[in-house]
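Single-letter residue listing:
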There are 2 protein chains.
Amino acid sequence: MQRIEHHASLGGKQEVWQHASRSTGTDMKVGVYLPPKALAGEKCPVLYWLSGLTCTEQNFITKAGAQQFAAEHNLIVVATDTSPRGEGVPNDDAYDLGQGAGFYLNATQAPWAQHFRMEDYVVDELPALIEQHFPATQARGIFGHSMGGHGALTLALRHPGRYRSASAFSPIVAPSITPWGRKAFTAYLGPDEAAWKAHDAVQLIASAKEQLPLLVDQGEADEFLAEQLKPELLVAQCNQVGYPLTLRMQPGYDHSYYFIASFIGDHMAHHARALG
Amino acid sequence: MQRIEHHASLGGKQEVWQHASRSTGTDMKVGVYLPPKALAGEKCPVLYWLSGLTCTEQNFITKAGAQQFAAEHNLIVVATDTSPRGEGVPNDDAYDLGQGAGFYLNATQAPWAQHFRMEDYVVDELPALIEQHFPATQARGIFGHSMGGHGALTLALRHPGRYRSASAFSPIVAPSITPWGRKAFTAYLGPDEAAWKAHDAVQLIASAKEQLPLLVDQGEADEFLAEQLKPELLVAQCNQVGYPLTLRMQPGYDHSYYFIASFIGDHMAHHARALG
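Reading guide: rules and limits
- Residues numbered from 1 in each chain as written.
- Chains lettered and ligands numbered in written order.
- Predicted model: local features only at pLDDT ≥ 70, side-chain atom pairs only at ≥ 80, totals over all residues.
- Heavy atoms only, no water.
- Bend = angle between axes of the 7 residues up to and from the residue.
- Helix = DSSP H or I, 4+ residues; strand = E, 2+ residues; numbered from the N terminus.
- Contact = heavy atoms within 4.5 Å.
- Salt bridge = Lys/Arg side-chain N within 4 Å of Asp/Glu carboxyl O.
- Polar contact = N/O pair within 3.5 Å; in protein donor to acceptor, adjacent residues only side chain to side chain.
- Nonpolar A, V, L, I, M, F, W, Y, C, P; charged D, E, K, R; others polar.
- Least-squares fit on C-alpha atoms with pLDDT ≥ 70 in both.
- Buried < 20%, exposed > 50% of the residue type's maximum accessible area, 1.4 Å probe, protein only.
- Pairing = 2+ DSSP bridges.
- Axes fitted to C-alpha atoms, helices over the stretch in contact; angles between N-to-C directions.

Undergrad: What's the story with helix H4 (residues 118–133) of chain B in this structure? I'm lost.
TA: Side chains three or four residues apart in an α-helix point the same way, a direct result of the helix having 3.6 residues per turn. At Glu125 of chain B, H4 of chain B shows its strongest bend, of approximately 35 degrees, with the proline Pro127 of chain B following within four residues. Turning to H4 of chain B, the residues buried within the fold contact strand S2 (12–20), strand S3 (27–34), strand S4 (44–50), strand S5 (76–80), strand S6 (136–145) and helix H5 (147–158) of chain B.

Undergrad: What should I look at first to understand the interface of chain B and chain A in this one?
TA: A common way to express how large an interface is: the accessible area buried when the components associate. Tallying the contact residues gives 21 residues for chain B and 22 residues for chain A. Connecting chain B to chain A are zero salt bridges. Counting across the interface, chain B meets chain A through eight residue pairs in polar contact (both at pLDDT 80 or more). Put simply, the parts of the chain that give the side of chain B that touches chain A at least two residues each are strand S1 (2–9), helix H2 (57–63), helix H3 (67–73) and helix H10 (257–275) of chain B. Of the residues assigned to the side of chain B that touches chain A, the class counts are eight nonpolar, eleven polar and two charged.

Undergrad: In this structure, what is going on with the relation of the copies chain B and chain A? I would like to understand it.
TA: Each copy of the chain is related to the other by a rotation around an axis and a translation along that axis. Expressed as a screw operation, the relation of chain B to chain A combines 0.0 Å of axial shift with a rotation of 180 degrees, fitting to an RMSD of 0.0 Å. Taken together, these values place the two copies in the relation of a two-fold axis. For chain B, the residue whose C-alpha comes nearest the rotation axis is Lys63 of chain B, separated from it by 2.5 Å. Comparing interface residues between copies, 100% of those in chain B also lie at the interface in chain A; the contact surface is shared.

Undergrad: Explanation requested: the pattern of salt bridges in the structure shown.
TA: Side chains that differ in sign of charge can pair as their charged atoms come close. As enumerated under the stated definition, the model contains 21 salt bridges over all chains in all. One salt bridge in this structure joins Asp81 of chain B and Arg85 of chain B, with 2.7 Å as the shortest N-O distance. For Asp81 of chain B, a relative accessible area of 6% gives the class buried. Three or more residues are tied together by salt bridges with common partners; here these are Asp217, Arg248 and Asp266 of chain A.

Undergrad: Looking at this structure, how should I read the sheet that holds S3 of chain B?
TA: One key point about sheets: their strands pair by backbone hydrogen bonds, in either a parallel or an antiparallel sense. Spatial strand order, S1-S2-S3-S5-S4-S6-S7-S8-S9 (chain B): nine strands in an open sheet with mixed pairing. Lying at the two open borders of the sheet, with one neighbouring strand each, are S1 and strand S9 (245–250) of chain B. Pairwise comparison of adjacent strand axes, ignoring direction, gives a mean angle of 20 degrees for this sheet. Note: S3 of chain B against S5 of chain B, four bridges, orientation antiparallel. Counted as the bridge partner of Gly31 of chain B is Ala79 of chain B from S5 of chain B. Most of the contacts of helix H10 (residues 257–275) of chain A go to S1 of chain B, to which it runs at about 30 degrees, and overall it touches S1 and S2 of chain B. The strands that H10 of chain B touches are S4, S5, S6, strand S7 (165–169), strand S8 (214–219) and S9 of chain B; relative to S7 of chain B, the one it contacts most, it runs at about 170 degrees.

Structure, rendered in structure tokens:
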């Protein structure tokens, strides 16, 4: 791992690291915030952030204001890129497919299957690296925004025991029936919709093997709410199977980082409680 | 004035407005944060932010995390662009002259004099617009970063009675003897260095007609500290003439918005105390 950025921030350090990933076969960049206790060598829990469509590791670390709360709760916060990138990596002209739009799964279809293995990267490779190179405990939380909210919910549900806490801002909760999800799943997983259900939070909730208390914030003025996000489907499923969900509809808030920054403190406190 | 962006943020609204400026002869964009009380129609004090080289109105409103403290103290926060911009506006290929580098003064030299009138814009035109269009009191504070720290200090010192509070992050305190300042002043004000002193904070402190308690934060790992910023000159001058200055050297901090976001809460509290 090579450190390519480091900035003092709220008593800790905001760093960006780059490393060759065996999951994606590319160089990956990752933001790592080290709170004061970690800088002093004390082991801290790790909270993984997954960003939305088009984002890199930069959006969250520059705009969310998370460092203040990471310092307060002594959480290491790791912000990944949203896909493999580079000249040899397949892409699409659309903003919602290919580079910047990895959907946090392992693609099975050509031309994506070789590099687009974000699930392996986020769930296995990256935590192993973080826990090797930084003073990190094995207590892990995961959260994200939009496509990254989908990632946080589905990865937590698909990997029981891997995470102690999960939360999401404006998540895509039912990608197998909403347009962004259907387009991405068709490309990455192929036309057989049965395979899609294993990457759809609403479907996964029905057969969940553990219960992590979920916190979800959703802006009521979000331009993608009705067509792409549909939090009411998550609420209905959680109610039906008795899964613990706190969904907060936030009047007036949109899909931007202004929304995330407004409630990031609540999410960090939610994770800090679970991560101890 | 035309509103071109609006986002719910920390219980208030982060907006961006555009208007034709008579000072600069161009369209200017300006970020306006309205705290909860202002949204409810109650008049609030206004804190003006001046950004550094290359910035637009976007840098501060997306990266500084000021909304949280503006909401807490019920301050309207106005973030200007750093210069006039557009096709008919003179420019320079360098990042430190022309568009993005207005230095918050009225240029007297060709080709800059026609449009580069940022002092008139910031001190007179913009406050009049803000006080007309928003629920704003006439209690004004001013702060900024780097070139904008120079702007905040010099405009407060040049216009006694206009501002009740001033502060700066990593300000250019002695532009008439440091490289960024000498280059800009030569272009905008001409080769007669006597004219430069009226736009140099260290020079202005010597003959200040009022005393505003100044708060200045400066990172010790700032890459521009020794050559461009020289806060020790401000300290020496303030000590010599008895001007109240709190300069805080912050170990490990650099020149970035990570530094600003780390101490923005202290600056907002400093202004809130003075603005009442």
